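Next come the chains, spelled out residue by residue.
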Amino acid sequence: MKKRLWLFKGLALMLPLLLLALVEVLLRAFGYGHDYRLFVDDPERKGYWIVNQHASERYFTETDNATVGNFEPFLKKKPDGTFRIFVLGESTTIGYPYFHNGSFHRWLQYRLMHTFPNRNFEVINLSMTAVNSYTVFGFGKQLVDYEPDAVLIYTGHNEYYGAMGVGSTSSLGSQPGLVRLVLKLREFRLVQWLNRTWSRIRQTASGQKVDLREGMMKRMAADQQIPLGSEKYQNGIEQFRTNLTDLCQALSGQHIPVFISTLVSNEKDLKPFISAPGTASAEQQFQLAKQAYQKGNIREARQKFVQAKELDLLRFRAPEALNQVIRELGNRFSNVTVVDSRAVFETHSPNGILGNETLLEHVHPNLYGYALLSDAFYEALKKKKRLVADGPNEMSFDQLRQQMPITPVDSLKGAYEVMILKESWPFNEPMPPEENRPKTVEEKLAGGLVVKQIAWRDAMRELLAHYLKTQNQRGALQVSEALVLEYPYDPAYYGQTGKLYFSANQPERAVWYLKKAFQLEETFATAQSLFITLLKLDRPDEALPYLRYAAAHNETAFSLNELQAFVEQLVTTKKQYLTDTTNVALSNQLAAGYLKFANATGAAKYVAKSLRIDPRNAAALQLQAQLQTLKTAPH
Amino acid sequence: MEFLRDFWLFMRTRKRYWLYPLLVLLLLLSALTVLTTGSALAPFIYSLF
């Protein structure tokens, strides 16, 4: 009897757990709540992963406020030779206010794909605005299952006021362990239900009492000030240290290389947001710094500008202590490389002090700044021998800046976003008066993007159509390449860019884009463009497979068999010629072959070779005359 | 059958063995939810970062 009583007691104690489990099962069965896994099957592409649109909800009390980032698919089965990079971080990391190709990861992607034309790169950005090291840790530790070759991190500015940060969370915010427990518990639908219920209660209560927007400045000033060295300040640093250390530990265990950047913020051209009264205030340090700067005391100015930022009570800019934590991580873990972006920005700023030359407002870089950020990561990847650039193809930083497909619409959109941001608290800078003139197409599209009247893809399509109509070849190419970067699995954009490069008389680039298009989707049109371009480049051996494909899938009334036979012959002749480059008969034969199919470029190359060896060669001179006729003949 | 009847009787008479743990669990979950709530101001400043 006593034994049975104990059994009943045990069963009774377990009953609540069983009851909660039952509720959980029922909630799942009825589809309540969301799965918070980082990646899910891409609904648009079989065999690809994509970021789960609900993954970030776990970090926001009100899930409606949860921010989302990019949705960049990647192959479930990583192909051999593919270099897979994941990027983690906050708004700077995702390229605010430009997003899309303004983001540093796209600058990096563009440089990598042209520096290593024969390698495949997947650069997947998992960053989103308003998050901090909790999200970076939560997302990052899941990456071990997805075969990364490198994980790039830029985070720290949101440590205090970002989601779950010490300055934005109630009393348990200072306990990283408890916060992480809550984040783990939020995987349960029951906890999601509790969370939503609590949110509704809060919303109802706050809606009845106070207009939050109206009193925001006052409330921020009262509730969110975090003095240097205060308990909350220290908690923020500990939170950052704990999350990043644990993440580095997790990635280190799997020997995954981590590249973590130091943080940059505007020190020279942004006065502190909130300053304490008194002599050692942020405002006073800022004024002293400006005076020193004007007098040319650069060393003193730099020190005081940094101090002014450190003393700013509104911690929208990361304190230097976080850069110290980042450097410590580099010393502690062998797989962690510190990317000193701060040093790179200093090098490219007047007198080595960070200001408006590289930054738009308090923390977000301008396009030049994003290019620098990408360069810092690129050089770190190279230095750590994760990538070995082959000389002639390497895209220099200057080339990157010239060629990066950032359209005027992207650039203007960023400028408009910042104007809007600066108009309100805590900047309170009035917007410049609107110019009394008709707006350009680019301005109209950028305006439409800012107010979300038009989607980015549609804006780019309109811009491309406009450039094609106005015969702005350079502009059209830029937009087309921008679309390739945004949609790297869409063969149509590669094909379109290839054709545009061919028209722009840049056949090498044309071949690269066309080959990518063909890899993604084999079509007659792409094969045709490819063999024509490759023959123009005198690469018949490379052209042959595409010609064979086109002949086998011919969609035109013209037979390609004769051309195929000719190219096969050409390949043989060229092989012979390469073993005997002084053989004029062979170079004449190659010139005549190209001439037969009106490939003036190919023909001219071999006529020139023949005449260089034998300037009076009759056959070569005759071919030269024919070539002249071909060039002057009306098309 | 007898086992279940006895167990039911036990549950009815000694509620503290299952009701208290249930309440404690729910309270704990609720407390964690409330205490890690984001500041009501947070969404309004998200545009800044």
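What counts and how
- Residues numbered from 1 in each chain as written.
- Chains lettered and ligands numbered in written order.
- Predicted model: local features only at pLDDT ≥ 70, side-chain atom pairs only at ≥ 80, totals over all residues.
- Helix = DSSP H or I, 4+ residues; strand = E, 2+ residues; numbered from the N terminus.
- Buried ≥ 20, exposed ≤ 12 C-beta atoms within 10 Å, placed from the backbone.
- Contact = placed C-beta atoms within 7 Å.
- Pairing = 2+ DSSP bridges.
- Axes fitted to C-alpha atoms, helices over the stretch in contact; angles between N-to-C directions.
- Domains from an automatic or database assignment.
- Core = buried A, V, L, I, M, F, W, Y, C linked by C-beta atoms within 7 Å.
- Arc of directions from axis to C-beta.
- Parallel < 35°, antiparallel > 145°, perpendicular 65-115°, else oblique.
- Left-handed = near helix turned anticlockwise from the far one by under 90°.
- Nonpolar A, V, L, I, M, F, W, Y, C, P; charged D, E, K, R; others polar.

Undergrad: For this particular structure, what's the right way to read the overall build of chain A?
TA: Looking only at helices and strands, chain A features 25 helices and eight strands. Counting only C-alpha atoms and orienting by the principal axes, one finds that chain A spans roughly 105 × 85 × 50 Å. Out of the 635 residues belonging to chain A, those deemed buried represent 43%. Considering only intrachain contacts with a sequence separation of at least 6, the fraction spanning at least 24 residues in chain A is 66%.

Undergrad: Sorry, what's going on with the environment of glutamine 624 of chain A here?
TA: Residue and element names in this part refer to chain A. Locating glutamine 624 in the fold gives a position in helix 25 (residues 618-632). When the 18 C-beta atoms within 10 Å are taken as the criterion, glutamine 624 is described as partly exposed. Placed 204 residues apart in sequence, glutamine 624 and isoleucine 420 show a C-alpha to C-alpha distance of 64 Å. Contacts of glutamine 624, omitting those with residues within four sequence positions, involve Val607 and Leu611.

Undergrad: Would you explain the sheet that holds strand 6 (residues 150-154) of chain A in this entry?
TA: Residue and element names in this part refer to chain A. Pairing is parallel in the open sheet, where five strands are placed in the order 5-4-6-7-8. In this open sheet, the two edge strands, each paired with only one partner strand, are strand 5 (120-125) and strand 8 (336-339). Direction aside, neighbouring strands of the sheet carry axes that sit 20° apart on average. Across five bridges, strand 4 (residues 82-89) lies against strand 6 in parallel orientation. Bridge pairing links phenylalanine 86 to valine 151 in strand 6. Those strands touched by helix 3 (residues 133-140) are strand 4 and strand 6, and its axis lies near 150° from that of strand 4.

Undergrad: Explanation requested: the domain arrangement of chain A in the structure shown.
TA: Bring the parts together and some accessible area is lost; that lost area is often taken as the interface size. As far as domains go, chain A holds domain 1 (1-32), domain 2 (39-274 + 312-404) and domain 3 (275-311). One C-alpha centre belongs to domain 1 of chain A, the other to domain 3 of chain A, and the line joining them spans 63 Å.

Undergrad: Quick question: what am I supposed to make of the nonpolar core here?
TA: Within soluble globular proteins, side chains that are nonpolar generally end up buried alongside one another. Residue and element names in this part refer to chain A. Formed by 137 residues in total, the largest nonpolar core has its most connected members in Val151, Ile153, Val258, Phe259, Phe377 and Phe531. Sort the elements by how many residues they give to this core and helix 12 (residues 367-383) lands first, with ten residues. Residue-level mapping places this core at the junction of two domains, with at least three residues from each of domain 2 (39-274 + 312-404) and domain 3 (275-311). Phe273, Leu313, Leu314 and Val363 belong to the second largest nonpolar core, which has eleven residues in total.

Undergrad: What is the right way to read helix 15 (residues 441-450) of chain A from this model?
TA: In an α-helix, one turn spans 3.6 residues, which is why side chains three or four residues apart end up on the same side. All names here are of chain A. Buried within helix 15 we find Glu442, Leu445, Ala446 and Leu449. For helix 15, the angular spread of the buried residues around the axis is 100°, confining them to a single face. Considering only its buried residues, helix 15 is in contact with helix 14 (408-423) and helix 16 (456-469). Directly beyond the C-terminal end of helix 15, a positive phi value near 60° is found at lysine 452.

Undergrad: Help me understand unusual backbone geometry in this model?
TA: Of all residues except glycine, most have a negative phi; of all peptide bonds, most are trans. Residues and elements named next belong to chain A. With an omega of 5°, the peptide bond running from tyrosine 96 to proline 97 counts as cis. Along the polypeptide, proline 97 turns up in the loop between strand 4 and helix 2 (104-115). Note the cis peptide between tryptophan 425 and proline 426, where omega equals 5°. Examined against the element boundaries, proline 426 turns out to sit in the loop between helix 14 and helix 15. A positive phi angle, near 40°, is found at histidine 100, a position not held by glycine. Mapped onto the elements of the fold, histidine 100 is located in the loop between strand 4 and helix 2. Assessed through the 23 C-beta atoms surrounding it within 10 Å, histidine 100 is described here as buried. At glutamate 147, a residue that is not glycine, the phi angle is positive and equals roughly 50°. Exposure remark for glutamate 147: the 16 C-beta atoms within 10 Å place this residue in the partly exposed category.

Undergrad: Explain the sheet that holds strand 2 (residues 48-51) of chain A here, please?
TA: Hydrogen bonds along the backbone pair up the strands of a sheet, which may run parallel or antiparallel. All names here are of chain A. Taken in spatial order, the three strands make up an open sheet running 1-2-3, and their pairing is antiparallel. The sheet is open, and its two edges are formed by strand 1 (39-41) and strand 3 (74-75), each paired on a single side. Sheet topology note: the strand 1/strand 2 ladder contains three bridges and is antiparallel. Within strand 2, the position partnered with phenylalanine 39 by the bridge is valine 51.

Undergrad: Mind showing me how you'd approach the packing of helix 22 (residues 561-579) of chain A against helix 23 (residues 584-596) of chain A here?
TA: When two helices pack together, their arrangement is captured by the angle between the axes and the distance separating the axes. All names here are of chain A. Where helix 22 contacts helix 23, the axes come no closer than 10 Å and their chain directions differ by 155°. With respect to each other, helix 22 and helix 23 are oriented roughly antiparallel. Considering how the two elements wind past one another, helix 22 and helix 23 form a crossing that is left-handed. For the pair helix 22 and helix 23, the contacting residues are Phe566, Leu570, Thr573, Lys574, Gln576 and Tyr577 in the first and Leu586, Ser587, Gln589, Leu590 and Gly593 in the second.

Undergrad: Would you mind going over the environment of asparagine 52 of chain A with me for this structure?
TA: Residue and element names in this part refer to chain A. The topology assignment puts asparagine 52 in the loop between strand 2 and strand 3. Residues asparagine 52 and threonine 440, spaced 388 residues apart in sequence, show a C-alpha to C-alpha distance of 38 Å. If we ignore the near neighbours within four places in the chain, the residues touching asparagine 52 are Asp35, Arg37, Leu38, Phe39 and Val40.

Undergrad: Sorry, what's going on with the pairing of strand 2 of chain A here?
TA: When a strand is regular, its side chains alternate between the sheet's two faces. Residue and element names in this part refer to chain A. Here strand 1 folds back onto strand 2 in antiparallel fashion, the turn holding six residues, of which glycine 47 has a positive phi close to 85°. With two bridges joining them, strand 2 and strand 3 adopt antiparallel strand pairing. The residue of strand 3 that forms the bridge with tryptophan 49 is phenylalanine 74.

Undergrad: Where do I start with the packing of helix 3 of chain A against helix 7 (residues 231-253) of chain A in this structure?
TA: Residues and elements named next belong to chain A. As a packed pair, helix 3 and helix 7 sit with axes 9 Å apart at the nearest point and diverge in direction by 15°. Comparing their axes, helix 7 and helix 3 come out roughly parallel. Where helix 3 crosses over helix 7, the two elements pack in a sense that is left-handed. Taken together, the residues of helix 7 that come into contact with helix 3 (itself represented by Ser133, Tyr134, Val136, Phe137 and Gly140) are Gln239, Phe240, Asn243, Leu244, Asp246, Leu247 and Leu251. Residue classes in the contact of helix 3 with helix 7 are distributed as seven nonpolar, four polar and one charged.

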